[in-house]
Amino acid sequence: MSFSYYVYVSDSKVNMLLPQIDPGFGAKRTTELGVNLSVLSAKRTTEGPSDDRIGRLETVVEYLRDHGDLGTVDEPGQFFWGSLPMRWGAFPGDPTSSLVFFGGRSGDTVVGLGGSYRHVCDSVPDVEAHGVGRSMMSSMLDGLGATSDLEDEYVADAVDGDLDRADRAALARVQGAVTSLRWPAQNVEFVAKRLLHGDSPDGTAKSVLLGTPVYVAIVD
């Protein structure tokens, strides 16, 4: 049997998606707690507090696999799944940021994932004191920081309102950040929300993909 060791679980995404998937989830939990209150109280005295964090996550992921627009890193839908070696840690160029960044590559696609460090399992409780928690694409692109001559060219052209150029500038920034990572790689699997996807600006890969994770787990 192989095990998954979760290193990142986005409770905010799970809490947003779960009621849409199962509107009765909260009501069922309330009923269960009400009916079994005396038993639950007794269990808590001997077993400690319960935590259904992974159960809630698995409900969301199972729904996305069965009914959602869940693609792969090479052919992403609104969400995408992947399993590949990735390097991860604080955002490149900003070690005090409260953002965490995962970077890797499949055969065809450069993949970057970014989210709030507070969703890292066993993260430091006061991590947000080191920055503003955020996981929106614009904040992530700002956090990546690295620039290149290619990106500068695209940014200059984007000033004239060329959105295609602006997208390519963002893709160049993601690709440059992933390429520059020097942390040890770990084999991980993940499900993430697609934020940006397009052709590789410099042609060294087929495409570049930026997402924000629902979860990331180290796998054997």
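Residues numbered from 1 in each chain as written. Predicted model: local features only at pLDDT ≥ 70, side-chain atom pairs only at ≥ 80, totals over all residues. Heavy atoms only, no water.

Overall, the prediction assigns the protein a mean pLDDT of 75, with 65% of residues at 70 or greater. Here residues 124-136 is modelled with pLDDT under 50, and outside its nearest four sequence neighbours on either side it reaches 27 contacts, counting other chains as well. Within the model, the stretch residues 146-163 combines pLDDT values under 50 with 19 contacts to residues more than four positions away or in other chains. (pLDDT = per-residue confidence, 0-100. Contact = heavy atoms within 4.5 Å.)

With that settled, consider the packing of aromatic side chains. A ring pair, where both rings are aromatic, is described by two values, the distance of the centres and the angle of the planes. The tally for this structure, following the rule as stated, stands at 4 aromatic pairs. Seen from their ring centres, Y6 and Y215 are 5.7 Å apart, and the 65° between their planes marks the pair as edge-to-face. Linking Y6 in strand β1 (residues 4-9) with Y215 in strand β7 (residues 207-219), this pair joins segments that are 209 residues apart in sequence. The class for Y6 is partly exposed, based on a relative accessible area of 25%. With a relative accessible area of 3%, Y215 lands in the buried category. Where F80 meets F190, the ring centres are 6.1 Å apart and the plane angle is 85°; that geometry is what we call edge-to-face. Note that F80 is positioned in strand β3 (residues 79-90) and F190 in strand β6 (residues 186-199), a separation of 110 residues in sequence. Assessed through its relative accessible area of 0%, F190 is described here as buried. Connected via pairs of aromatic rings, a cluster forms that spans Y8, W88 and F102. The ring of F79 carries the charged tip of K193 above its face, separated from the ring centre by 5.8 Å. (Phe/Tyr/Trp six-rings, centres within 6.5 Å; stacked < 30°, edge-to-face > 60°. Helix = DSSP H or I, 4+ residues; strand = E, 2+ residues; numbered from the N terminus. Buried < 20%, exposed > 50% of the residue type's maximum accessible area, 1.4 Å probe, protein only. Lys NZ or Arg CZ within 6 Å of the ring centre and 35° of its normal.)

Once that is clear, we can look at the environment of D167. Following the sequence through the fold, D167 ends up in helix α7 (residues 163-180). Overall, the relative accessible area of 40% leaves D167 in the partly exposed class. With 31 residues separating them in the primary sequence, D167 and G198 have C-alpha atoms 8.0 Å apart.

Time to look at the side chain of S10. Within the secondary structure layout, S10 lies in the loop between β1 and α1 (11-21). For S10, the residues in contact, after removing those within four places along its chain, are H119, P213 and V214.

Moving on, we come to the pattern of salt bridges. A side chain of one charge can pair with a side chain of the opposite charge when the charged atoms of the two come close. Scanning all chains against the criterion turns up 1 salt bridge. In this structure, the salt-bridge partner of D11 is R53, at a minimum N-O distance of 3.0 Å. Taken together, the residues D11 in helix α1 and R53 in helix α4 (residues 53-67) connect sequence positions 42 residues apart. With a relative accessible area of 23%, R53 lands in the partly exposed category. (Salt bridge = Lys/Arg side-chain N within 4 Å of Asp/Glu carboxyl O.)

In this section: the pairing of β7. On any regular strand, side chains alternate: one points to one face of the sheet, the next to the other face. For β7, a buried count of 13 out of 13 residues is recorded, marking the element as mostly surrounded by other parts of the structure. Two strands pair when backbone bridges link them, and β1 and β7 are joined in this way by 5 bridges, in the antiparallel orientation. Pairing of S4 across the sheet is with V219, part of β7. When strand β5 (residues 109-116) meets β7, the two strands line up parallel, connected through 5 bridges. Bridging across to β7, G112 finds its partner in L210. Of the pairings in the sheet, the one linking β6 to β7 comprises 11 bridges and is antiparallel in character. When the sheet's bridge partners are listed, R194 is paired in β7 with G211. (Pairing = 2+ DSSP bridges.)

At a minimum axis distance of 9 Å, the contact between α1 and α4 shows a crossing angle of 60°. One element, α1, and the other, α4, form an angle in the oblique class. Two packed elements cross with a definite hand, and for α1 against α4 that hand is left-handed. Where α1 approaches α4, its residues D11, V14, N15, L17, L18 and I21 are matched on the opposing element by R53, R56, L57, T59, V60 and Y63. Among the residues making up the contact of α1 with α4, the classes are represented as 7 nonpolar, 2 polar and 3 charged. (Axes fitted to C-alpha atoms, helices over the stretch in contact; angles between N-to-C directions. Parallel < 35°, antiparallel > 145°, perpendicular 65-115°, else oblique. Left-handed = near helix turned anticlockwise from the far one by under 90°. Nonpolar A, V, L, I, M, F, W, Y, C, P; charged D, E, K, R; others polar.)

Turning next to the nonpolar core. Core analysis: the largest hydrophobic core is formed by 17 residues, its most contacted members being F80, M86, F102, L113, F190 and V216. Going through the elements one at a time, β1, β3, β4 (99-105), β5, β6 and β7 are the ones with two or more residues in this core. Residues contacting M86, with those up to four places away along its chain left out, are F102, G103, G104, V111, L113, P184, A185, Q186, V188 and F190. Counting residues in hydrophobic clusters, the runner-up holds 14 residues, among them L99, A170, L171 and L181. (Core = buried A, V, L, I, M, F, W, Y, C linked by side-chain atoms within 4.5 Å.)

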